[in-house]
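Each chain, written out:
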Amino acid sequence: MKKFTDTTKMMLLMAMMTLTAFSFTSCDDYYYDDYWDEPWYGDYYRDPYDRGSDYLIQLAQKVRGKWEGTLYTSYYDDYGVKVEGDYETVFEFDQYSNKTTNGRGVEIDYLDGEQVYYDTFSWYIDEKTEDIYLKFDTNGRIMVMYSFHVDNDRFYGEMESKKTGEYNSFDLYRYTYANDSGNMFETEGDAPAVKKASPEKTVGNGKGGHKE
C-alpha cells in the first residue's frame, strides 16, 4: 500500500480546497449569456401575483431601484440608413412586490442636457431564458435585455427589439435603491399604479433615439 507523507497530504488538501472554491459564484453578481431565446410564457407584464424562483426573485430585487448612466442606440430607418445616438439616461425599476419577478419602470433619455425621451414600461424576467422583457406604454415597443450584468452598484449590457431591429447598449450606475420615500409607484389595493408625472417631466415625450 502506498503511503502519503504529511507534505503530500497537505498538498492534496490544498488542491481540493482550491477546486471547491472555484465551484461557487457570488450571489451578489448576476451574469447572463449573450444569446436570445423566445420567451417561455405569455404576457406577464402586468400580473401582480407572486411568481418565480428564489434565484430570479433575488435578481429582480437587485435590478429594482434607480440607475443613471449612458445609453447607445442604433437602428435602420425606413430608407435603410443607419441611425445612431448616445444619450445620458435614467432607468428606474420597481417590483409589484418583493416576491415578484415583474413590475413597472420608467426610462428618461437626455441629449446635451435636454430631455428627449420619457416613457413608462412594464417588465418581467422570463423564467426559462432569464432575459428581461420591457414593454413600453406609449407605443407597445418591446426591448429584451438578453445579455447583462448587475450587482449592487452597476448594471450594464445589451438589449434589442426583434420587431424593429433597434439595438441598445447601456452602462448604468445605481443612484438609489427603491424605498417608500423614493419609490415612483403607488399601490391602491392590489393594483399597482404609476404616479402622475409633473408637466415639466413630460416635455419631450416621443421616440427620441428609439425606433417605433
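For the structure, check the block above.
(A) Up close: the pattern of salt bridges. One pass over the structure, following the stated rule, counts six salt bridges. Among the salt bridges present, the one from Asp137 reaches Arg104, with a minimum N-O distance of 2.7 Å. Of this pair, Asp137 sits in the loop between β6 (132–136) and β7 (142–150) while Arg104 sits in strand β4 (residues 102–111), and the two are 33 residues apart along the sequence. A residue is classified by how much of its surface remains accessible, and Arg104, at 8% relative accessible area, is buried.

(B) Local environment of the packing of aromatic side chains. Counting across every chain of the model gives 12 aromatic pairs. The residue whose ring lies beneath Arg141 is Phe136, and the NZ or CZ to ring-centre distance is 4.1 Å. Over the ring of Tyr177 we find Arg174, and its NZ or CZ is 4.0 Å from the ring centre.

(C) Representation of helix α2 (residues 54–63). The set of residues buried in α2 consists of Leu56, Ile57, Leu59, Ala60, Lys62 and Val63. Within two residues after α2, Gly65 carries a phi angle of roughly 130°, on the positive side.

(D) Structural detail: the nonpolar core. Phe93, Ile132, Leu134, Met145 and Phe155 are the most contacted members of the largest nonpolar core, which totals 23 residues. Of all the secondary structure elements, the ones that give two or more residues to this core are α2, β2 (65–76), β3 (82–95), β5 (114–125), β6, β7, β8 (154–160) and β9 (167–176). Excluding residues within four positions of it along the chain, Ile132 makes contact with Val63, Trp123, Tyr124, Ile125, Met143, Val144, Met145, Phe148 and Phe155.

(E) Region of the structure containing the pairing of β8. In β8, alternate side chains face the same way, and those of Phe155, Gly157 and Met159 are buried while those of Arg154, Tyr156, Glu158 and Glu160 on the opposite face are not. As defined by bridge partners, β7 adjoins β8 across six bridges and the pair is classed as antiparallel. Across the sheet, Val144 pairs through a bridge with Glu160, a residue of β8. Linking β7 back to β8 in an antiparallel pair, the connection comprises three residues.

(F) Structural detail: the side chain of Thr100. In this fold, Thr100 is placed in the loop between β3 and β4. Among the polar contacts made by the side chain of Thr100, one reaches the main-chain amide nitrogen of Tyr96 at a distance of 3.4 Å.

Definitions and limits used
Position labels on residues start from 1 in each chain and follow its written sequence. This being a predicted model, a pLDDT of at least 70 is required before a residue's local features are given, and a value of 80 or more before pairs of side-chain atoms are given or counted; all residues contribute to the totals for chains, interfaces and linings. Side-chain figures throughout are based on the complete set of non-hydrogen atoms in the structure, without hydrogens or water. Here, a salt bridge means any side-chain nitrogen of Lys or Arg that lies within 4 Å of a carboxyl oxygen of Asp or Glu. Helix numbering and strand numbering both begin at the N terminus, where a helix is a DSSP run of H or I of at least 4 residues and a strand a DSSP run of E of at least 2. Residue burial is assigned from relative accessible area. The probe radius is 1.4 Å, only protein chains are included, and a residue is buried under 20% of its type maximum, exposed over 50%, and partly exposed in between. Side-chain rings of Phe, Tyr and Trp, where Trp is taken by its six-membered ring, are said to pair if the distance between their centres is within 6.5 Å; with planes under 30 degrees apart they count as stacked, over 60 as edge-to-face, and otherwise as tilted. We call a charge positioned above a ring when the Lys NZ or Arg CZ atom is no farther than 6 Å from the ring centre and deviates by at most 35 degrees from the ring normal. For the purposes of this section, nonpolar cores are sets of buried Ala, Val, Leu, Ile, Met, Phe, Trp, Tyr and Cys residues that join through side-chain atoms within 4.5 Å. Whether two residues touch is decided by their heavy atoms; if any such pair falls within 4.5 Å, the residues are in contact. Paired strands are those between which DSSP finds at least two bridges. Pairs of N or O atoms are called polar contacts if they sit within 3.5 Å, as long as, within protein, a hydrogen donor faces a hydrogen acceptor (for residues adjacent in sequence, only side-chain-to-side-chain pairs).

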